[in-house]
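Below, each chain spelled out in residue letters.
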Amino acid sequence: MRRRGMTSVAGAYRTGMTAGPGVRSEAAQAERPIGRGAWYALAILTLIYTLHSVDRSVMSIVIEPIKSEFHLNDSHLGVLTGLAFGLTYAIAGLPLGYLIDRTDRRRLLSLLVAIWSGCTALCGLAQSYATLVAARLAVGFTEAGGAPTALSMIGDLFPPRRHSTAIAIFWASTALGTATSFILGSIIVVHHGWRAAFLIAGVPGLAIAALLFFTVPEPRRERPQGDGTAAPALRETLRYVLRQPLFVHVFLAMTLNSMMLSGVLVWQASFLIRVHHLSLTQAGLLAGVAAGIFGGVGSLIGGPMGDRVFERAGIGGLPLAAAGTTLLSVVTGMVFLLTDSLAASLAGLVVFELIARAYTAPGYSAILGSVQPQMRGISVSSLQIATNLIGYGLGPFLAGAVSDRVGGGDGIRWGLAALMLTGAWGCLHFILAWRAGVRSPADMGEAL
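How each quantity is defined
Each chain has its residues counted from 1, following the order in which its sequence is written. In keeping with the model being predicted, local features are shown solely for residues with a pLDDT of at least 70 and side-chain atom pairs are shown and tallied solely at 80 or more, while totals for entire chains, interfaces and linings include all residues. Side-chain numbers come from the whole structure's heavy atoms, not from hydrogens or water. Only runs of H or I of at least four residues qualify as helices and only runs of E of at least two qualify as strands under DSSP, and these elements are numbered from the N terminus. In this analysis, two residues are considered to be in contact whenever any of their non-hydrogen atoms come within 4.5 Å of each other. All accessible-area figures derive from a Shrake-Rupley calculation using a 1.4 Å probe, and residue coverage is judged against the displayed protein chains alone. A simple rule labels every residue: compare its accessible area, found with a 1.4 Å probe on the protein chains alone, to the largest value its type can have, and call it buried under 20%, exposed over 50%, or partly exposed in between. Pairing of N or O atoms within 3.5 Å defines a polar contact, subject to two protein rules: one partner must be a possible hydrogen donor and the other a possible acceptor, and residues neighboring in sequence count only if both atoms are side-chain atoms. The nonpolar core is taken to be a set of buried Ala, Val, Leu, Ile, Met, Phe, Trp, Tyr and Cys residues, with the residues joined through side-chain atoms within 4.5 Å. Within the patch definition used here, like charges are joined within 9 Å and nonpolar side chains (Val, Leu, Ile, Met, Phe, Trp, Tyr) within 5 Å, considering only residues with over 30% relative accessible area and no salt bridge. By convention in these notes, a salt bridge is any Lys or Arg side-chain nitrogen within 4 Å of a carboxyl oxygen on Asp or Glu. Multiplying one less than the number of residues by 1.5 Å gives the expected span of a helix. To define axes, lines are fitted to C-alpha atoms, for helices over the stretch in contact only, and angles between the resulting N-to-C directions are given on a 0 to 180 degree scale. Any angle from 65 to 115 degrees is called roughly perpendicular, while one under 35 is roughly parallel, one over 145 is roughly antiparallel, and all others are oblique. Put simply, a crossing is left-handed when the front helix is turned counterclockwise from the back one by less than a right angle, and right-handed when it is turned clockwise.

1. Some words on the overall build of the protein
Argument step 1. Counting its regular elements, the protein contains 18 helices and 0 strands.
Argument step 2. Across the protein, the fraction of contacts at a sequence separation of at least 24, relative to all contacts at a separation of at least 6, is 85%.
Argument step 3. Accessible surface computed for the protein: about 18,000 Å², of which carbon and sulfur atoms make up 69%.

Here it is, written out as structure tokens:
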């Protein structure tokens with residue numbers, strides 16, 4: 001009885017039919033005006049995720065002084081920079097996604113921001129390696145809820161015709177946060193020490209958490225059910241999304257793309273040093289500008305592009321836009337890697353960064369639009385787990401493993417070239433998602 005009811009409601013929601021009192025059709029949502037409150041909330045959420053990126057990446061700046069003070073080896077540092085964060089991030093993902101779909105998201109996110117900011121500041125007070133690891137475990141656990149909560153709120157703050165633009169603005173925060181962390185963090189460490197870097201990175205988040213709690217109201221959830229029925233159980237949600245080809249292929253494509261992006265981000269400075277013989281300072285500056293500035297602009301480009309495609313072709317057209325930018329990024333990435341000219345290589349890197357992140361806005365817009373609103377927390381959390389464990393975990397490792405296999409200074413060139421193949425693989429899944437949307441545009445979401 002329940003399964004049949006959810007199926008009919010899902011079908012009504014997707015095709016714009018009414019399903020009872022209080023239910024908005026897809027057409028009505030598309031025409032819904034966007035108030036100043038929505039833009040203000042987006043600004044606060046973007047600021048929060050900028051601080052999220054700062055808190056996450058500040059550890060990369062302070063590795064050497066921490067190693068020296070606590071007499072650590074590289075294995076200890078590997079746990080501190082990777083495993084301690086990524087493990088709890090993955091463990092917390094689904095439970096937090098479950099809460100996102102059922103609780104006041106503003107209160108939940110305010111609490112999470114306060115905890116991860118406080119624990120980041122506590123890293124600066126750590127007197128041992130064990131306490132430092134414990135603090136990073138807590139940061140990883142709470143930051144797992146950052147993007148899923150914010151994106152769930154954005155999905156309700158903005159109508160579908162503006163999802164891509166809102167998501168693009170939100171995701172540009174990662175480039176801004178990374179650039180801020182590398183530029184200001186290095187200055188702070190040089191003049192005030194590594195502990196000050198953690199304290200300065202963490203304290204502002206406490207103020208922003210309060211600002212979110214007191215000035216941003218909880219967005220009204222768009223539900224296909226008119227009677228306020230609670231979100232479905234976890235197993236039902238997972239079964240629901242796994243039976244939607246568009247969702248599954250976009251999910252796989254974005255996970256594969258994250259492997260390519262994370263590998264290039266981690267290894268591009270080493271590539272410039274080993275292949276083009278730049279100094280560490282030169283390579284770090286060029287890599288930071290490419291990822292921080294051009295990567296941020298690239299994230300923003302995907303917003304208007306995704307909204308334009310949505311207006312013309314609906315949700316089913318979004319994966320095709322993502323496929324196009326992914327294919328271009330693979331081509332320009334190969335130019336960056338295979339040319340022997342430094343100028344041509346840098347040009348390829350800049351264009352790669354400018355294009356490679358443009359898929360995020362239409363991709364996440366497709367994810368939000370292909371599931372029922374009360375399933376967004378679980379859906380985005382699942383994607384975050386995949387991109388962090390597989391994308392950011394496996395991508396840099398794969399490039400390094402291929403580099404070691406090839407050997408020599410040129411090995412990293414072929415290691416990164418192998419990651420371009422994962423981008424091409426992701427492009428294929430975007431195309432399959434588009435074909436699924438074209439074949440059954442009105443039936444998406446009727447899996448239960």
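2. Examining the side chain of Q268
Argument step 1. Within the element layout of this structure, Q268 appears in helix 12 (residues 245–276).
Argument step 2. With relative accessibility at 0%, the residue Q268 sits in the buried group.
Argument step 3. A distance of 3.3 Å separates the side chain of Q268 from the side chain of E353, its partner in a polar contact.
Argument step 4. If sequence neighbours within four positions are ignored, Q268 has contacts with A287, A290, A291, F336, L349 and E353.

3. A look at the nonpolar core
Argument step 1. Within the largest apolar cluster, 88 residues are counted, with the highest numbers of intra-cluster contacts made by L45, I154, F170 and L416.
Argument step 2. If you tally residues by element for this core, the top one is helix 12, at 13 residues.
Argument step 3. Every residue in contact with L45, bar those within four places of it in the chain, is listed here: L109, A150, M153, I154, L157, F170 and L212.
Argument step 4. Of all hydrophobic cores here, the second largest spans 20 residues; its members include C123, V189, W194 and A196.

4. Structural notes on a nonpolar patch on the surface
Argument step 1. Together, L285, V289, I293, V297 and I301 make up an exposed nonpolar region whose accessible area comes to about 420 Å².
Argument step 2. Its place among the elements puts V297 in helix 13 (residues 280–313).
Argument step 3. Take V297: its relative accessible area is 39%, and that puts it in the partly exposed class.

5. Topic: the pattern of salt bridges
Argument step 1. Evaluation of the coordinates by the stated rule reveals 9 salt bridges.
Argument step 2. The partner of R105 in a salt bridge is E218, with the nearest N and O atoms 2.8 Å apart. Of the two residues, R105 sits in helix 6 (residues 105–123) while E218 sits in the loop between helix 10 (194–215) and helix 11 (234–242), which places them 113 residues apart along the sequence.
Argument step 3. Judged by relative accessible area, which is 0%, R105 ranks as buried.

6. Digging into helix 7 (residues 129–143)
Along an α-helix, residues three or four apart share an orientation, since each turn contains 3.6 residues.
Argument step 1. Here helix 7 contains 15 residues, and its C-alpha end-to-end distance of 21 Å stays within 8% of the 21 Å for a straight helix at 1.5 Å per residue.
Argument step 2. Residues of helix 7 that are buried: L132, V133, A135, R136, V139, G140, T142 and E143.

7. Let's talk about the environment of F141
Argument step 1. With respect to the helices, strands and loops of the structure, F141 is situated in helix 7.
Argument step 2. Taking the relative accessible area as the measure of exposure, F141 reaches 37% and is therefore partly exposed.
Argument step 3. Separated by 56 residues in sequence, F141 and F85 have C-alpha atoms that sit 7.5 Å apart.
Argument step 4. Sequence-distant contacts of F141, that is, excluding residues within four places in its chain, are made with T88, Y89, A92 and L96.

8. Notes on the environment of I48
Argument step 1. The topology assignment puts I48 in helix 3 (residues 36–61).
Argument step 2. Measuring from C-alpha to C-alpha, the distance between I48 and G177 comes to 9.8 Å, with 129 residues separating the pair along the chain.
Argument step 3. The residues contacting I48, other than those within four sequence positions of it, are L109, V113, W116, I208 and L212.

9. Some words on the packing of helix 6 against helix 7
Argument step 1. Running from N to C, helix 6 and helix 7 point in directions that differ by 160°, and their axes come no closer than 9 Å. In terms of their interaxial angle, helix 6 and helix 7 are classed as roughly antiparallel. For helix 6 against helix 7, the interelement crossing comes out left-handed. Counted together, L112, I115, W116, C119, T120 and C123 of helix 6 and L132, A135, R136, A138, V139, T142 and E143 of helix 7 form the full contact between these two elements.

10. A few points about the side chain of Q372
Argument step 1. Among the secondary structure elements, Q372 is positioned in the loop between helix 16 (360–369) and helix 17 (376–406).
Argument step 2. A polar side-chain atom of Q372 sits 3.1 Å from a polar atom in the side chain of Y240.

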